[in-house]
Amino acid sequence: MKLSKLALIAAIACGTYAGNVFADQTNEIQLVSCESDCDCGEPVCGCEPACDDACDAGCDSAGCGLGLGLGDCGIASRLGCGDCCLGDPYSLFGECNGIAVGGWMQLGYFTDTTANFNTLADNVQLQQGWLFAEKAIDSSCGFDIGGRVDYVYGTDGPDTVAFGNPVPGYDTNEGWARGGQYGNALPQLYLEAGYGDMSVKVGHFYTIIGWEVVQATGNFFYSHANTMYNSEPFTHTGALFTYNHSDDVTLYGGYVEGWDSGFQDNGDAFIGGVSLGLTDRLSVTYAAVGGRFNTPVGGATEQGYMHSVVADYAVSDDVQYIFQSDLLDTNERQTFGINQYLIKTINDCVSVGTRVEWYQIADPTTDAVLHDTWNWTAGINYRQSANLTFRPEIRYDWYDGWDANTDAPADDSFKFGIDAVMTF
């Protein structure tokens, strides 16, 4: 568990689905070469013509006819002049007997360590060297059983271990640390069974709270919101039931051993929620956890309640708006947050966006506001191929004179970061 109170306002991004611009790569190796002479003829690979719009809109002047090749289909098409060809994704391992094995490598550089997870300022770092094995269930025709295990090594490892354990164990033993800022973690290890519209996970799994996730492949932005890092759990150990009532209604409920614990009794909490498809364009998810969150050795027990409300609205076919509000209220801390994202898709190769966050911490005994912090982030997702994505961004943090993350005085500051994520 982390510390703080959060709110995020405004993100403009470009991507068909901002929450996850990477798909699980389970296809066989099949790289396709797409070329076009930008003469409105058919590309050799059968992709959509990259320059249909160029002939009518004078795209040659924008570079379509300059022969500036970048990847498979030219720089102009990738920057919005018509469609672009990514080719088919490839996998090193693929799928066998229903078991999929894959992963990704994330290398990143950030100019500041206060942007959450980015622990090495001004250093290129391996943040996530990730491997997973999964047997997804298919209970549409009856009972099925499966499961998943995830392993990560890198500078995100220490942030992803079960640090809520009261004593070292699971993936928090000394042997899992690798010196400096690097470490190992097993963020998921669970069995899943399902029958019809009902399924249950039992073991160690990611939370359903919030919109941003730990996995680099699940977020539009390289850096994380203060809300996600400070006021939300990352993982739980316990049991979580899911019931797909209809195409528009999904219910969640279960029991977990507090926050971020790994198979140790460090809490007793209910976790649950509901996801509603209100219209063809608008969906809303409410998720909450309440009870005893942790009992650290020699420390006070933290108990209380937190919830997250996420609204996802498709403004148009290529623009997505997300609104998130988090409330955390325990005997140890009190936080509130509002997050907003606006996401725009230019084409399959390029997405751009912005995020604004307001994060507030209050006194849990008096409800008096202690500190407010804000940040604004703007970034680009550039997909070089179906397996490789670059995410440059700039971020500006400003405070009421105090950084709620570091609990110390702070000055307003600009930050820059870029990472590359290669899936396999």
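Residues numbered from 1 in each chain as written. Predicted model: local features only at pLDDT ≥ 70, side-chain atom pairs only at ≥ 80, totals over all residues. Heavy atoms only, no water.

Draft legend 1. Structural view of the overall build of the protein. Within the protein, the secondary structure is distributed over four helices and 21 strands. In the protein, buried positions account for 51% of the 424 residues. Surface accessibility of the protein: about 17900 Å² in total, with carbon and sulfur atoms responsible for 57%. (Helix = DSSP H or I, 4+ residues; strand = E, 2+ residues; numbered from the N terminus. Buried < 20%, exposed > 50% of the residue type's maximum accessible area, 1.4 Å probe, protein only. Areas by Shrake-Rupley, 256 points an atom, 1.4 Å probe, with all protein chains shown as cover.)

Draft legend 2. Structural context of the state of the cysteines. As enumerated under the stated definition, the model contains one disulfide in all. At a sulfur-sulfur separation of 2.0 Å, the disulfide partner of cysteine 84 is cysteine 349. With the S-S dihedral at roughly 115°, the linkage between cysteine 84 and cysteine 349 falls on the right-handed side. With cysteine 84 in the loop between helix H2 (75-78) and strand E2 (94-96) and cysteine 349 in the loop between strand E14 (334-345) and strand E15 (350-362), this pair connects stretches of sequence that are 265 residues apart. (Disulfide = S-S within 2.5 Å.)

Draft legend 3. Just the nonpolar core, in detail. The biggest cluster of nonpolar side chains holds 14 residues, and the ones touching the most others in it are Trp104, Phe117, Trp130, Val214, Met228 and Phe234. Where this core is concerned, the elements lending two or more residues are strand E4 (123-135) and helix H4 (226-231). Residues Trp259, Ala269, Phe293 and Met306 belong to the second largest nonpolar core, which totals 13 residues. (Core = buried A, V, L, I, M, F, W, Y, C linked by side-chain atoms within 4.5 Å.)

Draft legend 4. Structural detail: the side chain of histidine 307. On the secondary structure map, histidine 307 appears in strand E12 (residues 302-316). Owing to a relative accessible area of 16%, histidine 307 belongs among the buried residues under this scheme. Separated by 2.7 Å, the side chains of histidine 307 and tyrosine 305 make a polar contact. With near-sequence residues (within four places) excluded, histidine 307 lies in contact with Tyr286, Ala287, Ala288, Ser325, Asp326 and Leu327. (Polar contact = N/O pair within 3.5 Å; in protein donor to acceptor, adjacent residues only side chain to side chain. Contact = heavy atoms within 4.5 Å.)

Draft legend 5. Examining unusual backbone geometry more closely. One non-glycine residue, aspartate 122, lies in the positive phi region at around 55°. Looking at the element boundaries, aspartate 122 is found in the loop between strand E3 (99-110) and E4. With relative accessibility at 47%, the residue aspartate 122 sits in the partly exposed group. Backbone geometry places aspartate 260, a non-glycine residue, at a positive phi of 55°. The residue aspartate 260 is located in the loop between strand E9 (249-256) and strand E10 (268-277) in this model. Judged by its relative accessible area of 0%, aspartate 260 falls in the buried class.

Draft legend 6. Representation of the pattern of salt bridges. The final tally for this structure, using the stated rule, is eleven salt bridges. Ionic pairing is found between aspartate 265 and arginine 292, a salt bridge with its closest N-O pair at 3.4 Å. Highlighted residues: aspartate 265 in the loop between E9 and E10 and arginine 292 in strand E11 (residues 282-294), separated in sequence by 27 residues. By relative accessible area, which is 51% here, aspartate 265 ends up exposed. Taking the shortest distance from any N to any O, the salt bridge between arginine 333 and glutamate 302 comes out at 2.8 Å. Highlighted residues: arginine 333 in the loop between strand E13 (319-330) and E14 and glutamate 302 in strand E12, separated in sequence by 31 residues. You can call arginine 333 buried: its relative accessible area is 6%. (Salt bridge = Lys/Arg side-chain N within 4 Å of Asp/Glu carboxyl O.)

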